[in-house]
There are 2 protein chains.
Amino acid sequence: MSRSLFPYIMSEEEFYNSSDSIRSGSVLRYVREATLTEPLRLLCGQELPEVTIAYETYGSLDESKSNAILICHALSGDSHVASHDEQDDPGWWDILIGPGKYIDTNKYYVICPNALGGCRGTTGPDSINPKTGIRYGMDFPQITIEDIVEVQRRLVHDVLGIEHLLAVVGGSLGGQMALIWGTSLSQYVDAIVAVATSAHLTSQALAFDIVARNAIVSDPQFHKGQYYDKGNGPATGLAIARMLGHITYLSLESMKKKFGSARNCDNRDNTSFETRFSVGSYLAHQGHKFVERFDANSYLSLSLAIDMFDLGETKEDLAAAFRKSQCRWLFLSFSSDWLFPPFQSREMVNAALAEDRQVSYCNIESDCGHDAFLLANEADQYGTMIGSFLENTLQTSRTHQGTPLSLPNELDDQEPPKKHRIDLDNILRLIPEKSRILDLGCGKGDLLVRLRESGHDHLVGLELNEHYVLRCVEKGLNVVHADLDDGLAAFSDRQFDYVVLSKTLQTVRKVELVLEEMLRVGRQAIVSFPNLGYKKFREELEERGRAPHTDPRPKSQWYNTNDVRFLTISDFHDLCESKGWKIHRQVALDTEENHVIETNPNLNADVVIVVLSKD
Amino acid sequence: MSRSLFPYIMSEEEFYNSSDSIRSGSVLRYVREATLTEPLRLLCGQELPEVTIAYETYGSLDESKSNAILICHALSGDSHVASHDEQDDPGWWDILIGPGKYIDTNKYYVICPNALGGCRGTTGPDSINPKTGIRYGMDFPQITIEDIVEVQRRLVHDVLGIEHLLAVVGGSLGGQMALIWGTSLSQYVDAIVAVATSAHLTSQALAFDIVARNAIVSDPQFHKGQYYDKGNGPATGLAIARMLGHITYLSLESMKKKFGSARNCDNRDNTSFETRFSVGSYLAHQGHKFVERFDANSYLSLSLAIDMFDLGETKEDLAAAFRKSQCRWLFLSFSSDWLFPPFQSREMVNAALAEDRQVSYCNIESDCGHDAFLLANEADQYGTMIGSFLENTLQTSRTHQGTPLSLPNELDDQEPPKKHRIDLDNILRLIPEKSRILDLGCGKGDLLVRLRESGHDHLVGLELNEHYVLRCVEKGLNVVHADLDDGLAAFSDRQFDYVVLSKTLQTVRKVELVLEEMLRVGRQAIVSFPNLGYKKFREELEERGRAPHTDPRPKSQWYNTNDVRFLTISDFHDLCESKGWKIHRQVALDTEENHVIETNPNLNADVVIVVLSKD
């Protein structure tokens, strides 16, 4: 197929796909095969007597066998997650994995197996059924994500002799595998990175899969799955399935970028697919290449496994799934992913939060849709996040194992020296030892780090700014990317001893909602805010006739400040009184002079800290 | 197919679809047929020698033939837009059209033809080709929306003898027809209502159509389109196309509501389609019913017409399309419609605005996706909007024709008597006669109505609140549903004499952007806002130690007001000075005492009006 058919710039993923057919075969040098010693009992009750697993590894296993990371691939992926050397074919996650990369193979031992049910070396529907001597086809039993993971577990434990994984990392279908590791097998893994995935598909995503499978099985060349010795197989149906898939992997925005400026395809090749529109020639190409490298029965088998995956339908079911999990979690979603929309990651994060699990989450701003996790566009952001999370996991894990290592502080060195925060000193003083603390609008994690240094170990931060979330992850904090104005539905009543809202109240739109939620999920709330009643603010208005300047950041003005709520200490008291909230403590501060204000705080304090509760 | 297969509540649209097969045939009593007297020359260059058009009409044409409204149907629709009597089958837009309904057939003469290329009475691919004596099949020439509209025009002019239409109303594909009427044939129509449509499909929507057509033409039963005497035809391919279509007509939210609580289908009927999941049984049903009532070649023909429709790719092309339009426009989109996303309506609205056309727009909040325009859920909102728009058009049209009728003022009577607005008095006084005026944050249209009463006739309002937009449409104003923080990109430099921001500045987040945009698109900007420097506000802070209360609405407090910017007159002057903006006039007011303030306005005025420009 001539290049001139494609009036668009190739993405990483396309490059990967298009390079398939010209693969030199060099990749095969690195694929290893293992055979499971025991038959595999599947969740459906059936048994696979013989299972072969194809996998590749990168880097070296350290002496204590504590640096192994399992990578799980998506629907059309395979074991070739990264190139092994400069001559090797590119891997599907080359942007992330390799020497000196975010998942640094100089440091970690990376294992990537082909999934059970696949068609790239591991046993699947195109394997010979030992009972019949012919390929399974549709006789291949219906596998589940749990079955795929069980094969991975045997590879890790029995074949590679690794007792415990440092982490399991996966996106999409691979993310579902990681979810099973983290919920059902968490005793064998320190950390899970679940990218662009969900506890169960949306009805919309499910519907696309159903239409795709229909296209395959209703292709006359399907022959009830026994097409292997009958010509081309269901090439048309599989291509339609793949074309549909591709639409869902991209986003409205990314399709506009790819095709918007060259809507009509000038090169109308006489293919069986439509080439009137450039998006049509692109899809035709994707469908065509896919048919060459993928088995239709594997597509049916794996896509049904995805569709049947269900970690829990209700909030309660989901929470139960996370209840027994002992590992750390990092969830990542992408803002324009509509196949696995961000709210689905958030549902799982909420379940983990409700069960007091160690969890971080970021919804990466991206216009690349579901494909974003395979592309370089946002790799700086999510790659750094994954890398920091794994590094922290490694350090923590070694510390636990009696091999203490100093935490790298180079990151903190990058931050400019900070003004001493008397407000944070006082918030720290208000909190008794070993408290459970939720910090709303935690910023770069300054307060959380100080709380951790003070011995508190049950800490969660919420932060709206994606870049601040990254800084928190770098510091090894549990941080969740969230908008306070959406409330705190994730948390149950009295889940925390203290909920802190430090210098953030004035930036919130839904003040009543946020305060009510704080008082619901915390035994007590600690709120600090700039006091509009401060004498210098009063003077500003009274004498200079200017609006008080409560936002201390250098370039902030009335027309660009993030502060959208203006209140004095008395205003806050009025609200508490009208709501029946009880104020337990109040610490008024002059943060310019760095001292506590005792008399007439509404006039003399520029910042106040209030401790309150519902009763 | 048994009802027990469907564990969901039927929507209007489903009811319509499912009732197809049991149609009593009574509908046929009302379908009329006409034959065009001249051959139809198509845009592609080919000619259709004979064209039959099937249509239905409702209500009576008045003596002056000024009350005719043409309704244009969507891809799978037909001429039966509404039921003709109680015994009749339901029509596809029964919620909107009928005696006493939003499009009141006691008042209007409604005409609904089946589209050229369709399969419900009007000439299409299943018609006999007079040249060969057999059905056209794929020999049916490729038609365009323009061709469909030309047939409609001949029906209206030549068959029905109506010179001029009051309005053309259509959604989706029907909306594209309405767009052609309004841009190329606007001399024949007073008003266009374009619902859930676009100037051209997104690449995503186009991609779905391409996959759908692929499924049809690659079905072995397609026989290159000549399947009419060869069994079932491409039933599988057409069903796949329809299933795909249905996913795109719904939304993530509406699918969740339909299927989320009953994901797994307990009744596994042995159909050719998957029934493991309830969404699968739903789609299978939709696909199956559609095959019974729709011709695959019509699907190909009409869907390709949709795909090829392009009113203009660039902003300039689109503007050119609207430049010659002489009619009024109402655009409606639905917030969860991802097939024809709201931004696409907004693109056309922007083009019409750039060309000073009379245009209103509302993005109706709905979770029903593209289907929303056919459903009852939001009908109160968009039905009222369409009804008011048509009523206003009728009144204006009759006034122009020398049959003056008093405008109904019952709507205004419903509003409570208002406090006299001295600020509006003064804004009015600042604006010379016959000015071009843009009112940002126009609310319910109070200022615009007063400007209209003062003789200004070039008025546009922008408003964020959907319900206020409706009130403006009811008053016959040109209003566009928009968020000021998104800027004013629709408008060209100096398009208006005055851009007014009346008591809205304090609610805007991006103050600099909004002011800069005002000064770009207007010769001068008129800005009014509450002055935080007002003595009572100062006293509030200085003496009572409370944040000033600039928002006069009764229940507003510091924690719930829409006011998020606080400034004094001096603050505003400072900003103007730093930007180099020139202040031409300033009117300071005491709106409590209803008088103009002459001395020390920063202390004595509670509201100020400033007239400024860039130079």
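What you are looking at is a predicted structure, and each value in this text was computed from that prediction instead of being measured. (Residues numbered from 1 in each chain as written. Chains lettered and ligands numbered in written order. Predicted model: local features only at pLDDT ≥ 70, side-chain atom pairs only at ≥ 80, totals over all residues. Heavy atoms only, no water.)

Caption draft 1: Structural detail: helix α15 (residues 466-474) of chain B. Counted residue by residue, α15 of chain B has 7 buried out of 9 residues, so it is predominantly covered. Considered for burial, the residues of α15 of chain B that qualify are Glu466, Val469, Leu470, Arg471, Cys472, Val473 and Glu474 of chain B. (Buried < 20%, exposed > 50% of the residue type's maximum accessible area, 1.4 Å probe, protein only. Helix = DSSP H or I, 4+ residues; strand = E, 2+ residues; numbered from the N terminus.)

Caption draft 2: Representation of the side chain of Asp88 of chain B within the structure. Residues and elements named next belong to chain B. For Asp88, the location among the structural elements is in the loop between β5 (68-72) and β6 (97-98). Within the structure, Asp88 has its side chain in polar contact with the side chain of His80 (distance 3.5 Å). A polar contact of 2.7 Å, which involves the side chain of Asp88, links it to the backbone nitrogen of His84. (Polar contact = N/O pair within 3.5 Å; in protein donor to acceptor, adjacent residues only side chain to side chain.)

Caption draft 3: The arrangement of the nonpolar core in detail. In terms of nonpolar packing, the biggest core is built from 264 residues, with Phe572 of chain A together with Phe572 of chain B touching the most fellow members. What Phe572 of chain B contacts, discounting residues up to four positions off in sequence, is Trp558 of chain A together with Leu505, Leu515, Val527, Phe529, Leu567, Val610 and Leu612 of chain B. (Core = buried A, V, L, I, M, F, W, Y, C linked by side-chain atoms within 4.5 Å. Contact = heavy atoms within 4.5 Å.)

Caption draft 4: Summary view of the interface of chain B and chain A. Taken together, the contact between chain B and chain A spans 76 residues of the former and 75 residues of the latter. For the pair chain B and chain A, the summed buried surface comes to about 6600 Å²; carbon and sulfur atoms form 63% of the total. On the chain B side of the interface with chain A, the three residues burying the most area are Arg263, Trp558 and Tyr559 of chain B, jointly 13% of the side's total. The interface formed by chain B and chain A contains 2 salt bridges. A salt bridge links Asp574 of chain A to Arg546 of chain B; its shortest N-O distance comes to 2.6 Å. Across the contact surface, chain B and chain A share 16 residue pairs in polar contact (both at pLDDT 80 or more). Of all the elements, helix α4 (residues 203-217) of chain B adds the most residues to the side of chain B that touches chain A, at 10 residues. When its residues are assigned to classes, the side of chain B that touches chain A shows 39 nonpolar, 19 polar and 18 charged. (Buried area = accessible area lost by both parts, 1.4 Å probe. Salt bridge = Lys/Arg side-chain N within 4 Å of Asp/Glu carboxyl O. Nonpolar A, V, L, I, M, F, W, Y, C, P; charged D, E, K, R; others polar.)

Caption draft 5: Just the pattern of salt bridges, in detail. Applying the stated rule across the entire model yields 48 salt bridges over all chains. In this structure, Lys579 of chain A and Glu512 of chain A form a salt bridge, with 2.9 Å as the shortest nitrogen-oxygen distance. Here Lys579 of chain A, found in helix α18 (residues 569-579), pairs with Glu512 of chain A, found in helix α16 (residues 511-521); they are 67 residues apart in sequence, far enough to count as distant. With a relative accessible area of 29%, Lys579 of chain A lands in the partly exposed category. Overall, Glu512 of chain A belongs to the partly exposed group, its relative accessible area being 24%. Here Arg523 of chain B ties to Asp497 of chain B by a salt bridge, and the two come within 3.6 Å at their closest N and O atoms. You can see Arg523 of chain B sitting in strand β17 (residues 522-530) and its partner Asp497 of chain B sitting in strand β16 (residues 496-502), a full 26 residues away along the chain.

Caption draft 6: Local environment of a negative patch on the surface. Judged by side-chain charge, Glu539, Glu542 and Glu543 of chain A together with Glu539, Glu542 and Glu543 of chain B come together as a negatively charged surface patch. Every element with two or more residues in the negative patch is listed here: α17 (535-542) of chain A together with α17 (535-542) of chain B. Relative to the elements of secondary structure, Glu543 of chain B occurs in the loop between α17 and α18 (569-579). (Patch = residues over 30% accessible without salt bridge, like charges linked within 9 Å, V, L, I, M, F, W, Y side chains within 5 Å. Areas by Shrake-Rupley, 256 points an atom, 1.4 Å probe, with all protein chains shown as cover. Lys, Arg positive; Asp, Glu negative; His and termini not counted. Charge placed at Lys NZ, Arg CZ, Asp CG, Glu CD.)

Caption draft 7: Examining the relation of the copies chain B and chain A more closely. You can overlay chain B on chain A at an RMSD of 0.0 Å; the transform is a turn of 180° with a shift of 0.0 Å along its axis. The relationship between the two copies is best expressed as a two-fold rotation axis. Within chain B, Val564 of chain B has its C-alpha nearest the rotation axis, a separation of 2.2 Å. Mapped onto chain A, 99% of the interface residues of chain B are again interface residues, and the two copies thus contact each other with one and the same surface. (Least-squares fit on C-alpha atoms with pLDDT ≥ 70 in both.)

Caption draft 8: View of empty space enclosed by the protein. Enumeration according to the criterion identifies 1 cavity of 30 Å³ or more in this entry. In this structure, the largest cavity occupies an estimated 40 Å³ of space. Along the lines of polarity and charge, the residues of the lining of the largest cavity split into 4 nonpolar, 2 polar and 1 charged. (1 Å grid on protein atoms, 1.4 Å probe; cavity = no way out; pocket = protein on both sides within 12 Å on 5 of 7 lines; lining within 4 Å. Points joined across faces, edges and corners; volume = space filled by probe spheres on them.)

Caption draft 9: Region of interest: the packing of aromatic side chains. For the structure shown, the criterion picks out 37 aromatic pairs over all chains. Seen in terms of ring centroids, Phe529 of chain A and Phe572 of chain A are 5.1 Å apart; in terms of plane orientation they differ by 45°. Their pairing is tilted. Of this pair, Phe529 of chain A sits in strand β17 (residues 522-530) while Phe572 of chain A sits in helix α18, and the two are 43 residues apart along the sequence. Neither residue differs from the other here; Phe529 of chain A and Phe572 of chain A are each classed as buried. Grouping aromatic residues by their ring pairs yields a cluster made of Phe208 and Trp338 of chain A together with Phe208 and Trp338 of chain B. Above the ring of Tyr498 of chain B, the side-chain terminus of Arg523 of chain B is found at 5.6 Å from the ring centroid. (Phe/Tyr/Trp six-rings, centres within 6.5 Å; stacked < 30°, edge-to-face > 60°. Lys NZ or Arg CZ within 6 Å of the ring centre and 35° of its normal.)

Caption draft 10: Expanded view of the pairing of strand β14 (residues 458-463) of chain B. All names here are of chain B. Summarising burial for β14: 6 of the 6 residues are buried, a large majority. Burial of β14 is two-sided: the residues His458, Val460 and Leu462 facing one way and the residues Leu459, Gly461 and Glu463 facing the other way are all buried. Relative to β14, strand β13 (residues 436-440) runs parallel, the two sharing 5 bridges. Note that in β14 the partner of Leu440 across the bridge is Leu462. A crossover connection joins β13 to the parallel β14 through helix α14 (residues 446-453); in handedness this β-α-β unit is right-handed. Relative to strand β15 (residues 479-481), β14 runs parallel, the two sharing 3 bridges. When the sheet's bridge partners are listed, Leu462 is paired in β15 with Val480. Handedness of the β-α-β unit built from β14, α15 and β15 comes out right-handed. (Pairing = 2+ DSSP bridges. Right-handed = clockwise from strand over helix to strand, strands pointing away.)

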